[in-house]
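Descriptive structure summary
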Amino acid sequence: MSASGLPASLAGLPFAKGHGTGNDFVLIADVDGSRNLTADEVAAVCDRHRGVGADGFIRAVRSEFVAEGRALLETAPEAEWFMDYRNSDGSVSEMCGNGVRVFVHFLLEEHLLELGEGESLAIGTRAGLKTVSRISGGYAVDMGPWEFIYPDHAAAKAMDAVVNAGGLEVPRPGLSVNMGNPHTVVALAELSELAGTNLTAPPSVQPEPEHGTNVEFVVPAEPLVEDGVGLVTMRVHERGVGETLSCGTGACAAAVAVRFWAGAQAPDSWAVTVPGGVVGVRFLAGPEGREHVELSGPAVLVARGMLL
Ligand SMILES: N[C@@H](CCC[C@H](N)C(=O)O)C(=O)O
């Protein structure tokens, strides 16, 4: 332990702090794969009282130095960079939608990458390759195809889980969606009910996906569609973190679920309002014939520093 209270192994490590719609991250550049932090080190850095404080920790590492990255390089040699994403408790997650935008922005600001507006690049993640495009005001990410976690139940009943949280009078039905990482989406009728839901403790989810789940509570707007865009308001309790101001994969799962519930007339473009802002979600035909989800939103860096 160093005098700062952080693990001595971290002293001198340069970092940046950034966020996407208030979902905040500590980022480091680990060009040669030599700074792989332990779960305890990540949790110490992300501690909001004794560390830098963040919802998640992102290590930008060249794909060749990570086993999952090397596997991706076999079919996508252009995927030079890998996003090693951890939740604030140190646990590993497959994917982070806000994080991957901030990740690319960080690489640009660190001069490790060049990407003009309108240009795209492939990023390696534990949920496979993600194509990130620089657009006006931020980044758009092809998140790949969405899936139901329990396809038979979901297709038949439109609900496949029972969810409870503080502040709800009765448990609610949920729909389990895989966006590379697991999500359970719960519809509420009123914004006042959404505001009254207590997310200081993890919601209970039955059955819970094998590796846990992120839980999104959503209120579809009335009317649902304005100028061809579907409107949803959402709060999220993230696996390995707690309530956050935004969750990109969660916004995609929310749009998947509300569009599914709305049926054939539902649009392909969505605006998802979260406590930290608004992100865009679009459904597009993927090259392999499956439907893909595109997430768009801002990414900013707010600080650079060095751990003591
Ligand atoms: N905030 C992220 C999701 C981060 C990972 C999540 N907590 C998990 O454990 O799957 C996002 O923007 O997608």
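Here the structure is a predicted model, which is why all the values come from computation and not from measurement.

1. Some words on the environment of S4
On the secondary structure map, S4 appears in the segment before strand 1 (14–20). On the basis of neighbour count, S4 is assigned to the partly exposed category, with 14 C-beta atoms found within 10 Å. Considering only alpha carbons, one finds S4 and D30, 26 residues apart in sequence, at a separation of 22 Å.

2. Digging into the site of the ligand
In the neighbourhood of the ligand, 19 residues make up the surrounding shell, with S93, N98, N181, G248 and T249 lying closest. Elements represented by at least two residues in the shell around the ligand include exactly helix 3 (97–109) and helix 6 (248–262). Looking at the shell around the ligand, its residues break down into 3 nonpolar, 14 polar and 2 charged. Mapped onto the domain boundaries, the shell around the ligand takes at least three residues apiece from domain 1 (8–145 + 298–306) and domain 2 (147–283).

3. Observations regarding the nonpolar core
If you look at the biggest cluster of nonpolar residues, it comprises 78 residues, and the most contacted ones within it are L27, F103, A251, C252 and A254. In terms of residue count, the dominant contributor to this core is helix 6 (8 residues). A domain split of this core shows at least three residues from each of domain 1 (8–145 + 298–306) and domain 2 (147–283). With near-sequence residues (within four places) excluded, C252 lies in contact with G97, M143, W146, M179, V281, V293 and L295.

4. Some points on unusual backbone geometry
Residue P207 follows Q206 across a cis peptide bond; omega there is -5°. Secondary-structure assignment places P207 in the loop between strand 12 (204–206) and strand 13 (214–226). A cis geometry characterises the amide bond from E222 onward to P223, with omega recorded as -5°. Within the fold, P223 resides in strand 13. Of note, H111 is a non-glycine position whose phi angle comes to about 60°, a positive value. Mapping H111 onto the fold places it in the loop between helix 3 and strand 5 (120–125). For H111, a count of 7 C-beta atoms within 10 Å corresponds to the exposed category.

5. A closer look at helix 1 (residues 39–46)
Listed as buried for helix 1 are E41, V42, A44, V45 and C46. Contacts made by the buried residues of helix 1 are with strand 2 (23–30), strand 3 (56–62) and strand 4 (81–87).

6. Concerning the domain arrangement of the protein chain
According to the domain assignment, the protein chain consists of domain 1 (8–145 + 298–306) and domain 2 (147–283). Computed over C-alpha atoms, the centres of domain 1 and domain 2 are 25 Å apart. Every contact between the two is made by 21 residues of domain 1 and, on the other side, 20 residues of domain 2. Every element with two or more residues in the side of domain 1 that touches domain 2 is listed here: helix 3 and strand 7 (138–145). Sorting elements by how many residues they give to the side of domain 1 that touches domain 2 places strand 7 first, with 3 residues.

7. Things to note about the UniProt feature "binding site: substrate" (unreviewed entry) in the protein chain
In the numbering used here, UniProt assigns the "binding site: substrate" (unreviewed entry) feature to N23, N87, G97, N98, N181, N214, E238, R239, G248 and T249. Tracing the chain through its elements places N98 in helix 3. Here N98 falls in the buried class, since 34 other C-beta atoms lie within 10 Å of it. With respect to the secondary-structure elements, T249 resides in helix 6.

8. Description of helix 6
The first and last C-alpha atoms of helix 6 sit 21 Å apart over 15 residues, in line with the 21 Å expected at 1.5 Å per residue. Buried residues dominate helix 6, accounting for 12 of its 15 residues. Taken together, the buried positions of helix 6 are G248, T249, G250, A251, C252, A253, A254, A255, V256, A257, V258 and R259.

9. Observations regarding the UniProt feature "active site" (unreviewed entry) in the protein chain
In the numbering used here, UniProt assigns the feature "active site" (unreviewed entry) to C96 and C247. On the basis of their most widely separated C-alpha atoms, the annotated residues across 152 residues gather in one place, lying no more than 7.6 Å apart. Take C96: it is sitting in the loop between strand 4 and helix 3. Excluding its chain neighbours within four sequence positions, the residues that come into contact with C96 are G56, Y85, G248 and T249. With respect to the helices and strands, C247 occurs in the loop between strand 15 (242–244) and helix 6. For C247, the residues in contact, after removing those within four places along its chain, are N23, N98, N214, V236 and E238.

10. Comments concerning the pairing of strand 18 (residues 291–297)
One ladder, built from 5 bridges, connects strand 7 with strand 18; its direction is antiparallel. Each bridged residue has a counterpart across the sheet, and for D142 the counterpart in strand 18 is E294. Note that strand 17 (residues 277–285) and strand 18 share 6 bridges and pair antiparallel. By the bridge assignment, L284 is partnered in strand 18 with H292.

Basis of the calculations
For every chain, the first residue of the written sequence is number 1, and numbering continues from 1 onward in sequence order. Predicted model: local features are reported for residues with pLDDT of at least 70 only, side-chain atom pairs are reported and counted for 80 or more only, and whole-chain, interface and lining totals are derived from all residues. Numbered from the N terminus, helices here are DSSP runs of H or I no shorter than four residues, and strands are runs of E no shorter than two. Labels follow a simple rule on C-beta atoms placed from the backbone: if 20 or more others lie within 10 Å of a residue's own, it is buried; if 12 or fewer, it is exposed; otherwise it is partly exposed. Contact assignment follows one rule, namely that a residue is near a molecule or strand if its backbone-placed C-beta atom lies within 6 Å of it. Throughout this entry, Asp, Glu, Lys and Arg are counted as charged residues, while Ala, Val, Leu, Ile, Met, Phe, Trp, Tyr, Cys and Pro are counted as nonpolar. The remaining residues, Gly among them, count as polar. Domain delimitation in this document rests on an assignment produced automatically or drawn from a domain database. What we call a nonpolar core is a set of buried Ala, Val, Leu, Ile, Met, Phe, Trp, Tyr and Cys residues whose membership is set by joining through C-beta atoms within 7 Å. Residue pairs are scored as contacts if the distance between their C-beta atoms, which are placed from the backbone, is within 7 Å. UniProt positions are given in the numbering used here, feature names are shortened, and annotations may be inferred rather than shown by experiment. Expected span of a helix, by definition, is 1.5 Å for each gap between consecutive residues, and there is one gap fewer than residues. Whether two strands pair depends on DSSP finding at least two bridges between them.

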